[in-house]
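The lines below spell out each chain.
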Amino acid sequence: MKEVIVIKNFSFRYEGTNFFSLKDINLKIFEGDFVILAGPSGCGKTTLIRLLNGLIPHFYKGEYKGEVSVYGLIVKDRKTYEMAKYVGLVFQDPEDQLLSMTVEKEIAFGLENLGYKKDEMVRIVNEIIKLLNIEHIRYKSPFLLSGGEQQKVAIGSVLALKPKILALDEPFSNLDLKSSYNLAELLNYLNKNLKYTIIIAEHRLDLLINYASRIIVMNEGRIILDGPPREILSYNLEEFGIMEPKISKISKLLRKKYNFDICLTLEEFVNNFKKIYEINRN
Amino acid sequence: MKLIEIKDLYFRYPFEEKYTLNNINLTIDSGESTAILGPNGSGKTTLIKHLNGILKPTKGDVIIEGKNTKEKSIAELSRTVGIVFQNPDHQLFSNTVFEEISFALINFGFNKEEILKRVRSMLKLFDLEKYETHSPLLLSGGEKKRVAIASILCYDPKIIVLDEPTIGLDYYQRKTLINIIKNLKKEGKTIITVTHDFDFALEVAERGIILKNGEIIRDGSLIDIIYDSDILEKANLIQPTLAKIIIELEKNGIKLDRKVATVEEFIQLVIK
């Protein structure tokens, strides 16, 4: 598998603070990965996301030790707009990144700045609007949309630049549950069908657990666990400040008493439960 | 005792044709803990803004402790009804976290010693001591949220209203907030929580009110509501996983008591 992000012996301290927000990070992300970066507030997950397109160290200054490379490019030595072709960043609050008068213009914004020709721009904008199914809000102001729609538009404006990696920082924070599930499905589609590598910082696992290929758990600036979902869920994640999905949590508690597998879906759970129920009834 | 009484409440924002709230009738007793649920735009926030008089009814009445909000100022009502809004940026404005939390106390005329004592205890309760002299605007989302909640709880209002309090909180902070609310309930406070987070609602509230298009479409026991798939569908709400599990097991011929609200209760029930 192709390595798309390589972080080596990396530590970072923000200017004006006296502690390192990231400590001794060594990490490889592969093409096509769907990674959840989990951990409590202040664990360093947002900082890690900011490394990927060079927001750190170009925008957020500080003590930068070690190396971060994306598709073989040393991020520190590249301009943020150069990195935008590889990594698209989506933030927690979509209002932080929306600025245009209409949804259509918002999606075209990055293309315009990179000097795309008009017909090429129109083609890409149409493609994105179709992909995200947002034709009905095309001429609306992004600021008058619901949180879920705003987050879609923010993602659209990032996808327009055709990055290879999509990195999102707690994108569900301002969404209601239904919109959150819709967004999770969209991310899954982008990953499975359009082959985007996805990295998402999120402290709730339930929305993404069935889509992710890998969970990385962070605590106090370090990576403490890294593996496929089922393996990571076998640990007591609440100890590390992470809310566990109900189904895996209940499976684990039942495991203490019965021969119960760690389940990720409702279907798996019900099947397992039926077996145990039959055995104990007889 | 009736603490909040809402009678035939209609509300329309200026320049809007449609009513945002339509014929709301609601009584909340002292000491009750109620969750208000519903899709975006259903009128939840508009409804709670009537409780401290930020909004006054277009038609109908809102009566708090026997007094009509039309005859009271926001300042007077706020002494009884403390509202923590969804977006802390709309609420925070002081230079330091300390000043932010002491703001209401100063305005309500608490003496200096009492202010110091209360602010200190809030900083401790919400794990904000290290930010005492920091600007609240430079904190993270979860930290701002905690400051906003502390700035209301410090003056000890009888009615505490929380609008989407769990947004931006991680597992620890959420757990702390659940414990704080449980303690407030023990003290006899009346709590109203507007939330999308059913699991949170089930931990802190017994009564559920579902709003849709400005109308109450269901008012009853929260534990019953989570099994009412039709109402949840209607209100665009996602059924909590525990209810899904129990319903799915029932379909497979395994009948469990439907009165479980938390994972712990589920395990107890099953292991028995």
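Our subject is the structure listed above.
Draft legend 1. The sheet that holds strand β3 (residues 33-37) of chain B, seen in detail. Residues and elements named next belong to chain B. The six strands are arranged β6-β7-β8-β3-β9-β10 in an open sheet whose pairing can be described as mixed. Each edge of the open sheet is held by one strand with a lone partner, namely β6 (81-84) and β10 (215-221). Between one strand axis and the next, the sheet turns through 15 degrees on average, direction left out of account. When strand β7 (residues 159-163) meets strand β8 (residues 190-194), the two strands line up parallel, connected through five bridges. For L162, the partnering residue across the bridge sits in β8 and is T193.

Draft legend 2. Layout of helix α6 (residues 147-159) of chain A. All names here are of chain A. The end-to-end C-alpha distance of α6, which contains 13 residues, comes to 18 Å, matching closely the 18 Å that a straight helix rising 1.5 Å per residue would cover. With 12 of 13 residues buried, α6 is to be regarded as a mostly interior element. Inspection of α6 places G148, E149, Q150, Q151, K152, V153, A154, I155, G156, S157, V158 and L159 among the buried residues, and these make up the whole buried set. For α6, the secondary structure elements touched by its buried residues are β6 (87-90), α4 (103-113), α5 (118-132), β7 (165-169) and α7 (177-192).

Draft legend 3. Here's a closer look at the interface of chain A and chain B. The interface is formed by 28 residues belonging to chain A together with 27 residues belonging to chain B. Of all the elements in the fold, those that place two or more residues in the side of chain A that touches chain B are α7, α9 (246-255) and α10 (266-281) of chain A. When its residues are assigned to classes, the side of chain A that touches chain B shows 14 nonpolar, seven polar and seven charged.

Draft legend 4. Summary view of the nonpolar core. If you look at the biggest cluster of nonpolar residues, it comprises 153 residues, and the most contacted ones within it are A:L37 and B:V161. In terms of residues, this core owes the most to one element, helix α5 (residues 141-153) of chain B, which gives six residues. Apart from residues lying up to four places away in sequence, B:V161 is in contact with B:I48, B:L51, B:V81, B:G82, B:I83, B:V84 and B:I192.

Draft legend 5. Geometry of the packing of α6(A) against α7(A). Residue and element names in this part refer to chain A. Contact pair α6 / α7: the axes reach a minimum separation of 9 Å and the direction vectors enclose 20 degrees. When the axes of α6 and α7 are compared, the pair comes out roughly parallel. Like other packed secondary-structure pairs, α6 and α7 cross with a definite hand, here right-handed. Across the interface between the two elements, G147, G148 and Q151 from α6 touch S179, N182 and L183 from α7. Looking at side-chain class alone, the contact of α6 with α7 contains one nonpolar, five polar and no charged residues.

Draft legend 6. Highlighting the sheet that holds strand β5 (residues 73-74) of chain A. Residues and elements named next belong to chain A. Pairing is antiparallel in the open sheet, where four strands are placed in the order β2-β1-β4-β5. Here the strands that pair on one side only, and so sit at the sheet edges, are β2 (22-30) and β5. Both strand β1 (residues 3-14) and β2 contribute to a ladder of six bridges, which runs antiparallel. Paired with E3 across the strands is F30, a residue of β2.

Draft legend 7. Expanded view of unusual backbone geometry. Of the consecutive residues A:I56 and A:P57, the connecting peptide bond is found in the cis state with omega at 10 degrees. As for its position among the elements, A:P57 is in helix α2 (residues 55-58). A positive phi is found at B:D127, a non-glycine position, where the angle reads about 55 degrees. Structurally, the position occupied by B:D127 is in the loop between α4 (112-125) and α5. The class for B:D127 is partly exposed, based on 13 C-beta atoms found within 10 Å.

Draft legend 8. Just helix α10 (residues 241-251) of chain B, in detail. Every buried residue of α10(B) is listed here: B:L242, B:A243, B:I245 and B:I246. Looking straight down α10(B), one finds its buried side chains confined to an arc of 160 degrees; they lie on one side. Buried-residue contacts for α10(B) involve α9 and α10 of chain A together with α11 (263-271) of chain B. Note on α10(B): the residue one or two positions beyond its end, B:G253, has a positive phi of about 80 degrees.

Draft legend 9. Structural view of the pairing of strand β8 (residues 197-201) of chain A. All names here are of chain A. For β8, the buried fraction is high: five of the five residues fall into the buried class. For strand β3 (residues 34-38) and β8, the ladder comprises four bridges, and the chain directions are parallel. Counterpart to L37 in the pairing with β8 is A201. Two strands pair when backbone bridges link them, and β7 and β8 are joined in this way by five bridges, in the parallel orientation. For L168, the partnering residue across the bridge sits in β8 and is I200.

About the criteria used
Residues numbered from 1 in each chain as written. Chains lettered and ligands numbered in written order. Predicted model: local features only at pLDDT ≥ 70, side-chain atom pairs only at ≥ 80, totals over all residues. Pairing = 2+ DSSP bridges. Helix = DSSP H or I, 4+ residues; strand = E, 2+ residues; numbered from the N terminus. Axes fitted to C-alpha atoms, helices over the stretch in contact; angles between N-to-C directions. Expected span 1.5 Å × (residues − 1). Buried ≥ 20, exposed ≤ 12 C-beta atoms within 10 Å, placed from the backbone. Contact = placed C-beta atoms within 7 Å. Nonpolar A, V, L, I, M, F, W, Y, C, P; charged D, E, K, R; others polar. Core = buried A, V, L, I, M, F, W, Y, C linked by C-beta atoms within 7 Å. Parallel < 35°, antiparallel > 145°, perpendicular 65-115°, else oblique. Left-handed = near helix turned anticlockwise from the far one by under 90°. Arc of directions from axis to C-beta.

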